[in-house]
Each structure stands twice: as structure tokens, then as C-alpha cells.
Amino acid sequence: MNEVRTRFAPSPTGYLHIGGLRTALYAYLIAKKNNGKFLLRIEDTDQDRFVEGAIEVIYKTLKLVGLQHDEGPDIGGPYGPYIQSERKPIYLKYAKELVERGGAYYCFCSKERLDQLREEAARNNTVFKYDGHCRNLSRDEVERRLQAGEPYVIRQKVPYTGTTSFHDELFGTITVENSTLEDGILIKSDGLPTYNFANVVDDHLMKINPVVRGSEYLSSTPKYNLIYESFGWEIPKYIHLAPVMKEPGKKLSKREGDASFEDFYNKGFLKEAIVNYVALLGWSPGDDREFFTMDELIEAFDIKGLSKSPAIFDINKMRWMNSEYIKKLSLEEFHKMALPYYKDAGLPDNMNLLRLSSLIQGRIEILSDIPDIVAFLKVMPEYEADLFVHKKSKTTLENSYENLAKAIEVLEMLEEWTEERIHQVLIDLITQLGVKNSQLLWPVRVAASGKLVTPGGAAEILGLLGKNESMRRLHIGLDKLKAALNL
Ligand code: GLU
């Protein structure tokens, strides 16, 4: 059996779309599962869409997520070059050969003529289709016009009658009437190929099999097969992947910030979590396992688990999965990732941030949640005195006032300001007063944080804040209670 060789063939847009990442991942898994090769090919023949630095983004992102290619523009390989714009002469040579073989022809139609055809089609409410005007030019005429330097394109010559079938590993056998196909352009007037031609030539020359790509190419595949057949080339296996959607009928949108790997990575999703989640978008291992490392994916992957229906990208599911990945980090790893977010939140340098990390690690879904969660440590939030009243903790304005005042007294005297000591004096005070734990700890925590929910309890927060800031806040809380009680 021939070596399994798959490729990822992105157009350099400047970002990696989630759907593209998934295609790359599945192509990679299929190759690795079969001890084959995974190639990177850059499809940049649409020079109008050139984006500066976009190819570097592709290298960087694939490396980051661990989809290391075996051949590609940056590392070379036996079938290079791997950037389509550098393969221009190759396509032209094969296009001319296809003309010789009767599978293509030169077309000299002017833009004006084609525009006119388009307008006519629009007027008649029909879909524009090239009318084959140049399909049967004589060899002599073609030669003469080429000699005269007339601009031209090369078009595919699709049969007008009959049908073309192809087999997809997922979607089965698909048959189309040739009359629905068009004499599409293979070589543009700038001498560069269209995707429709370049993909066939490259997949053949680079010995790609199977071809793994998005299902948006399903409808063009018959035309590709006609090209393979004209050349007498072996047709590869096809695996077309169903799309990833935001909701049924709605695409992920770059503009709404939910389409690219980078969008999510920059929001503080871990790359492992993104890859793990994306792997499950349209593929199932056949059991209820949800967590996979890359090696486990290679082990478990099987195209039988691919789904034919569009996958729905569920951001909440990915957030949950990310929170699980965050929990699995060591405290040191998590702390390193959290530090830039503490900086963003403007937390003071002398705060025990490692302790803070240990308090929040189990509570956040994505790293960019951090600034909001810790903001109260930097600036005391505004709050109303009602926050002290909590049924479950059995606190009222009155008992909160009394207990907070007592807590302030003992804390004022505490010299060794550590979490342990703070905890100890508060517990001692609870015993001495004979109140419920929550009746003291609730008002202290509320006054220290101004919040209903906090990472850590009263002693942890006071420990982080330091004595001066703690005492300042507790006094503000006491004043608030005083005012509310009209004392
Ligand atoms: N270059 C194409 C794109 O970025 C991908 C083509 C393919 O996978 O065959 O959409």
C-alpha cells in the first residue's frame, strides 16, 4: 500500500479559522495514525488577497498547537516548492498539456464580452455560465492570437453531456450531470492557476492521498476528477468534512471575534483545550471519552467517527473544557499564565499573587476572566449595606455591625499579619462571642471585598490585602452599617 500523505493547504489570510484548524488536525491525525506524512502547502495564487506576514502566522500557529508538518515551505521536502506562487511554471506546463489532451482550451474572451454575458444572465434570472465561445477555435487561430500577444486564460473543457461520479469516504458516491458543470478557468490572465487547477496538479505531484478538506469543495470535485482523468492520473481518496457552524445556518464570523484560533487563544483559552475541543467538532471516538492529548487523539482517531452533519461550535462547552484544563495545570504553570492578567488588573506587586493563584485556579474558565475576578483587590467596589444581610449566614444589619466592630478591635491589635494568624484570631473571637462562624466571617468578608462572591474567604482576602488596606476597608464597612442603622 502507498504511503498515506495528507496535506493542509491554507490560503494565507492572516489567521487560522477554527474550521481550518479542524481540517488541519484531522489531516494530521489521519497521516500520523497511518505512519504517513503531513504536508503544509500554501495556496496563495489569489494575489489580490495577499496579506503581509500571513504565512508566518500559519507556521507559528501550527507549531503552537503541535501540528508539526513533515514537508512544507519552511522545512522543504522532496516535492517542493510548497508555496503555489512559486510553482507558476509547473501549472502552465500542465495546463498546456491538458490543452493537448483535449481537456482544456485557450479562451481570449474580453472582460467586456464576459460582463455582457453576465448582465444577460442577470436579466434572464439565470446563473451565469461561460458560453463556450472559444471552445472550438482552430489550432491555427489560437496560435496566431497567442503570437500576437492577446491576453488569454485557459479553461477546462467539460463534457456537455453524460455524468461524472466520484466517491467520498464520508458522503459516498456523488453523481452530477455534466451539463451542470462549467468550463471554469484553470489558468488566469496573470498566468497563475485557480484553486480548481492548482489543487489537482499539486495533490497529484505531491502524492497526496487521501485528500482531506472542507465540504465546500464537494460540488467542484467532479470537475477535478475530469482533470485527473484527462491526465490519466490516479484519483485520490476524498474525505470532505462537514462545516463547523455557530448555529444551524450561521457561520462563525471573524468580525464577531469567534472564528479564529487566535481570537480564542488571545482570550485566554489554552491551546490544548482548543485543540481537544476542536477535535470533537464533528468527530466522536465512539465512547464517552472527552479528554485527549494529541497522542491519544492519534491513537483513537478513526474516520468512521466523522459526522456528515454540520458541527455546532458551542462556546460554553469549550469554556467548560478549558476550565478543566486549567484545573489540571500545576500551580506554578497556572501562576505563570495568570501573572500578565494580574498586571492588567493593576494588582500591587507586593501582594502574594501565588496565593491568589491558588485561590482562583479552580474557579475560572478562561484566563481573561481573571482581571474581573480579582479587580476588587485593587479597587474597593461600591456596594450597599444590604450586602451584609444574608439569610443563610444569619446576618442582619445589627449583628453585622456588632460583630464587625469586634473583629476590627482584635484585628487592629494583630501584629503578625498572616492568613493563618488572621484566621486564628477570628475563630477565637467567634468562640468567645458564642456566635455562628458565618455571623462573623460574612460581614468581615463583605467589608473586605464589597462582593457577594469572592475567591477565598475573609482571612484569605485580608491576608492578600495587607493590614493597612484591610483596616481601611473594614472601617468603611462599619461606617456603612452605622449609617444604615442611623447610629
Ligand atoms: N486553500 C483552500 C482554503 O484555504 C483549502 C483548499 C483545500 O483544502 O483543498 O480554503
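For the structure itself, consult the block above.
The following paragraphs examine the structure supplied in this document. Computed from a prediction, not measured in an experiment: that's the story for all the values here. (Residues numbered from 1 in each chain as written. Predicted model: local features only at pLDDT ≥ 70, side-chain atom pairs only at ≥ 80, totals over all residues. Heavy atoms only, no water.)

1. Some thoughts on the overall build of the protein
And step 1. Secondary structure assignment for the protein yields 19 helices and twelve strands.
And step 2. Taken over the C-alpha trace, the protein has a radius of gyration of 33 Å; the compact-globule value for 487 residues is 23 Å, which it surpasses by more than 25%.
And step 3. Evaluated residue by residue, the protein yields a buried proportion of 48% over its 487 residues.
And step 4. For the protein, the share of sequence-separated contacts (at least 6 apart) that also reach a separation of at least 24 residues comes to 75%.
And step 5. When the accessible surface of the protein is summed, it comes to about 24,000 Å², and 50% of that surface belongs to carbon and sulfur atoms.
And step 6. Computing the positive centroid from 63 side-chain charges and the negative centroid from 70, the protein places the two 2 Å apart. (Helix = DSSP H or I, 4+ residues; strand = E, 2+ residues; numbered from the N terminus. Rg over C-alpha atoms; globule rule 2.2 N^0.38 Å. Buried < 20%, exposed > 50% of the residue type's maximum accessible area, 1.4 Å probe, protein only. Contact = heavy atoms within 4.5 Å. Areas by Shrake-Rupley, 256 points an atom, 1.4 Å probe, with all protein chains shown as cover. Lys, Arg positive; Asp, Glu negative; His and termini not counted. Charge placed at Lys NZ, Arg CZ, Asp CG, Glu CD.)

2. With respect to the packing of aromatic side chains
And step 1. Tallied over the entire structure, the rule returns 20 aromatic pairs.
And step 2. Measuring from ring centre to ring centre gives 5.2 Å for Tyr106 and Tyr152, while their planes differ by 65°; the resulting arrangement is edge-to-face. One end of the pair, Tyr106, is in strand S3 (residues 104-107); the other, Tyr152, is in the loop between helix H5 (139-147) and strand S4 (153-156), with 46 residues separating them in the sequence.
And step 3. Overall, Tyr152 belongs to the partly exposed group, its relative accessible area being 23%.
And step 4. One aromatic cluster is present, built from ring pairs that chain together Tyr26, Trp283, Phe292 and Phe301.
And step 5. It is Arg135 that lies over the ring of Tyr160; its NZ or CZ is 3.8 Å from the centre.
And step 6. Arg445 extends its terminal NZ or CZ atom over the ring of Trp442, reaching a point 5.0 Å from the ring centre. (Phe/Tyr/Trp six-rings, centres within 6.5 Å; stacked < 30°, edge-to-face > 60°. Lys NZ or Arg CZ within 6 Å of the ring centre and 35° of its normal.)

3. Points about the sheet that holds strand S12 (residues 311-312)
What holds strands together in a sheet is hydrogen bonding between their backbones, with the strands either parallel or antiparallel.
And step 1. The strand order across the open sheet built from three strands is S11-S10-S12, with neighbouring strands paired in mixed fashion. Edge positions in the sheet fall to strand S11 (250-251) and S12, since each of these pairs with one other strand and no more.
And step 2. Taken together, the two bridges between strand S10 (residues 244-247) and S12 define a ladder with parallel strand orientation. Note that in S12 the partner of Met245 across the bridge is Ile312. (Pairing = 2+ DSSP bridges.)

4. Describing the sheet that holds S3
And step 1. Strand order in this open sheet of three strands is S3-S4-S7, and the pairing throughout is antiparallel. The two strands at the open ends of the sheet, each matched to only one other strand, are S3 and strand S7 (185-187). Each strand of the sheet is rotated relative to its neighbour by a mean of 40°, with strand direction disregarded.
And step 2. Where S4 and S7 come together, two bridges link them in antiparallel fashion. Note that in S7 the partner of Ile154 across the bridge is Ile187. (Axes fitted to C-alpha atoms, helices over the stretch in contact; angles between N-to-C directions.)

5. Overview of the site of the ligand
And step 1. All residues adjacent to the ligand are Arg7, Ala9, Pro10, Ser11, Glu43, Tyr195, Arg213 and Tyr217.
And step 2. With respect to the ligand, the backbone of Ala9 contributes an N or O atom lying 2.7 Å from a nitrogen atom.
And step 3. Partitioned by chemical class, the residues of the shell around the ligand number four nonpolar, one polar and three charged. (Near = heavy atom within 4 Å. Polar contact = N/O pair within 3.5 Å; in protein donor to acceptor, adjacent residues only side chain to side chain. Nonpolar A, V, L, I, M, F, W, Y, C, P; charged D, E, K, R; others polar.)

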